[in-house]
Amino acid sequence: DLDSALSSIQQAGSKAEILELRGRFVGKKGWITQEMKGLGALSPDDRRTRGAVLNGWREQVLNALAAREQWLEEQEEARQLRSERMDLSLPGRLPTVGLLHPLTRMRRRIEDVLMRLGFSLAYGPQVESEWYNFEALNIPSGHPAREMQDSFFVDVPGLVLRTHTSPVQIRTMQAYEGRLPIRVAAPGFTYRRDDDATHVPMFQQVEGLVVDRGISLADLTGTLTVMVRELVGQEVGTRFRPSYFPFTEPSVEMDVTCASCGGGGCRVCKGTGWVEILGSGIVHPTVLKNGGYDPDQVSGFAFGMGIERVAMRLFGLDDLRLLYQNDLRYLERFQSGG
Ligand code: PHE
């Protein structure tokens, strides 16, 4: 009947349903249409009254269908507006700003400190001759020190990827042609066949070389202590240990107090409370000679500092490899440090 027709229209949930109901009630074979077909069998009077009733129903059904359809359209439109609404109070998306790699910042900081101490910068090739990398530094072939520094060899005989920045010592002395004083710092990449939490195969060193008349071990310890305090902080603890390098005599290694555990013992310092950050010593007479200087007239000190070592100390890192994996989420954590 009419009431149930109207109520099913009221409950229609989609345009497709509206279409279906329209067919069912007022379509060619729809309920009201069928009823109207039956009018012909009635008497003229009955036909008029019945016709008027059916027309009224038809109109009510059509109105209800139109109203429900409009309501559904409005709902749909409102839903769409809601889903497309913009929240103008949201903060904007900031463009990503490029940053220097933490190790680049570290290297520049070391360069700054050394330049303030009177050093100028010098550079040498990363693919180096064995002569500059070994022989000239008093490391003859067959010398155990060559095994100490596991080298990467190049396909050209006589060339290696430099295992340290020390060959720049020789290149600098040659370039200075006997002039004094020499005070240079040589930063750059170096290569060894190492790979663990505290060693990567490609790493960076800063070499320092000072040559003048009367340079002593006191100049070395004094300069390096000031340098490290400027770099790491005035409160850092430092110590020198006797060591061995073929190109310095005597040789000393410098340690700084461990930041990661405050001396309590951790992976970085292996429980000793100290981290080694550089090797150094008084330039060996043979090395001075190879650079064209007379060891009876002049003396010098040299050091080679691991940039990653200083960064690990400063940032409190216990796995160096992370700095070279180029995961921005990790690297951006050092935005303000260093
Ligand atoms: N070249 C040494 C190394 O790579 C460091 C060093 C440099 C030691 C200069 C003494 C003098 O470990």
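Fair warning: this is a prediction, and the values are worked out from it, not measured in the lab.

Analysis parameters
Residues numbered from 1 in each chain as written. Predicted model: local features only at pLDDT ≥ 70, side-chain atom pairs only at ≥ 80, totals over all residues. Heavy atoms only, no water. Helix = DSSP H or I, 4+ residues; strand = E, 2+ residues; numbered from the N terminus. Rg over C-alpha atoms; globule rule 2.2 N^0.38 Å. Buried < 20%, exposed > 50% of the residue type's maximum accessible area, 1.4 Å probe, protein only. Contact = heavy atoms within 4.5 Å. Areas by Shrake-Rupley, 256 points an atom, 1.4 Å probe, with all protein chains shown as cover. Lys, Arg positive; Asp, Glu negative; His and termini not counted. Charge placed at Lys NZ, Arg CZ, Asp CG, Glu CD. Axes fitted to C-alpha atoms, helices over the stretch in contact; angles between N-to-C directions. Parallel < 35°, antiparallel > 145°, perpendicular 65-115°, else oblique. Nonpolar A, V, L, I, M, F, W, Y, C, P; charged D, E, K, R; others polar. Core = buried A, V, L, I, M, F, W, Y, C linked by side-chain atoms within 4.5 Å. Pairing = 2+ DSSP bridges. Expected span 1.5 Å × (residues − 1). Arc of directions from axis to C-beta. 1 Å grid on protein atoms, 1.4 Å probe; cavity = no way out; pocket = protein on both sides within 12 Å on 5 of 7 lines; lining within 4 Å. Points joined across faces, edges and corners; volume = space filled by probe spheres on them. UniProt positions renumbered as here; feature names shortened; annotations may be inferred. Near = heavy atom within 4 Å. Polar contact = N/O pair within 3.5 Å; in protein donor to acceptor, adjacent residues only side chain to side chain. Sits in = over half its atoms within 2 Å of the grid points. Salt bridge = Lys/Arg side-chain N within 4 Å of Asp/Glu carboxyl O.

**Some words on the overall build of the chain**
Then, number 1: Across its full length, the chain holds 12 helices and 10 strands.
Then, number 2: Computed over the C-alpha atoms, the radius of gyration of the chain is 43 Å, more than 25% above the 20 Å expected from 2.2 N^0.38 for a compact globule of 338 residues.
Then, number 3: Taken along the three principal axes of its C-alpha coordinates, the chain extends 145 × 50 × 35 Å.
Then, number 4: Buried positions account for 41% of the 338 residues belonging to the chain.
Then, number 5: Across the chain, the fraction of contacts at a sequence separation of at least 24, relative to all contacts at a separation of at least 6, is 66%.
Then, number 6: Accessible surface computed for the chain: about 18300 Å², of which carbon and sulfur atoms make up 51%.
Then, number 7: In the chain, 39 positive and 43 negative side-chain charges are present, and the distance between their average locations comes to 5 Å.

**Quick notes on the packing of helix α1 (residues 2-10) against helix α4 (residues 44-84)**
Then, number 1: Closest axis-to-axis distance for the α1/α4 pair is 9 Å, and the angle between their directions is 10°. If you check the angle between α1 and α4, you find them roughly parallel. Residues Leu2, Leu6, Ile9 and Gln10 of α1 form the contact with α4, whose participating residues are Trp57, Gln60, Val61, Ala64, Leu65 and Arg68.
Then, number 2: Here the contact of α1 with α4 is built from residues that sort into seven nonpolar, two polar and one charged.

**Section: the nonpolar core**
Looking at soluble globular proteins, one finds that nonpolar side chains tend to be buried together.
Then, number 1: Membership of the largest hydrophobic core comes to 42 residues, with the highest contact counts inside it found for Ile110, Met227, Leu231, Phe303 and Met305.
Then, number 2: For this core, the elements supplying multiple residues, two or more each, are α5 (102-116), β6 (202-212), α9 (217-232), β8 (248-257), β9 (274-283), β10 (299-306), α11 (307-315) and α12 (328-331).
Then, number 3: If you tally residues by element for this core, the top one is α9, at six residues.
Then, number 4: Discounting residues that sit within four places of it in the chain, methionine 305 has contacts with Ile110, Gln204, Gln205, Val206, Met227, Leu231, Ile277, Leu278 and Val310.

**Comments concerning the pairing of strand β7 (residues 238-245)**
Then, number 1: By the bridge criterion, seven bridges tie β7 to β8 in an arrangement that is antiparallel. Bridged to threonine 238 within β8 is valine 256.
Then, number 2: Counting the residues between successive antiparallel strands, the hairpin from β7 to β8 contains two residues.

**Looking at helix α2 (residues 15-26)**
Then, number 1: With 12 residues, α2 extends 16 Å between its outermost C-alpha atoms, agreeing within 8% with the 16 Å of an ideal straight helix rising 1.5 Å per residue.
Then, number 2: Taken together, the buried positions of α2 are occupied by Ile18, Leu21, Phe25 and Val26. What you see down the axis of α2 is that its buried residues fit within an arc of 90°, all on one side. The outward face of α2, more than 90 degrees from its buried face, is lined by the exposed residues Ala16 and Leu19.
Then, number 3: Among the structural elements, α1, α3 (31-37) and α4 are those in contact with the buried residues of α2.

**Comments concerning the layout of surface pockets**
Then, number 1: Roughly 870 Å³ of internal volume is contained in the largest pocket.
Then, number 2: Around the largest pocket, the lining comprises 43 residues; the ones closest to its centre are Arg192, His199, Glu253, Glu276 and Arg309.
Then, number 3: Elements with a contribution of two residues or more to the lining of the largest pocket: β6, β7, β8, β9, β10 and α11.
Then, number 4: Here the lining of the largest pocket gets eight residues from one element, more than from any other, and that element is β9.

**Remarks on the UniProt feature "binding site: Mg(2+)" (unreviewed entry) in the chain**
Then, number 1: Here the UniProt-annotated "binding site: Mg(2+)" (unreviewed entry) positions come out as Glu249.
Then, number 2: Setting aside residues no more than four positions away along its own chain, glutamate 249 makes contact with Ile282 and His284.

**Points about the site of the ligand**
Then, number 1: Taken together, 14 residues surround the ligand, and among them His164, Ser166, Arg192, Gln205 and Gly304 come closest.
Then, number 2: Note that a nitrogen atom of the ligand is positioned 3.0 Å from one of the side-chain N or O atoms of histidine 164.
Then, number 3: Serine 166 is positioned such that a nitrogen or oxygen atom in its side chain is 2.9 Å from a nitrogen atom of the ligand.
Then, number 4: With respect to the detected pockets, the ligand is housed in the largest pocket.
Then, number 5: When residues of the shell around the ligand are traced back to their parent elements, those giving at least two are β6, β9 and β10.
Then, number 6: Looking at which element gives the most residues to the shell around the ligand, the answer is β10, with three residues.

**Side note on the pattern of salt bridges**
Then, number 1: If you walk through the whole model with that rule in mind, you get 15 salt bridges.
Then, number 2: Note that arginine 48 is salt-bridged to aspartate 45, the shortest N-O span being 3.4 Å. Taken as a pair, arginine 48 and aspartate 45 lie in helix α4 at a separation of three residues, close to a single helical turn.
Then, number 3: Aspartate 45 gets classed as exposed once you look at its relative accessible area, which sits at 52%.
Then, number 4: The partner of aspartate 255 in a salt bridge is arginine 239, with the nearest N and O atoms 2.8 Å apart. Taken together, the residues span a long stretch of sequence, with aspartate 255 in strand β8 and arginine 239 in strand β7 at a distance of 16 residues.
Then, number 5: A relative accessible area of 32% places arginine 239 in the partly exposed class.

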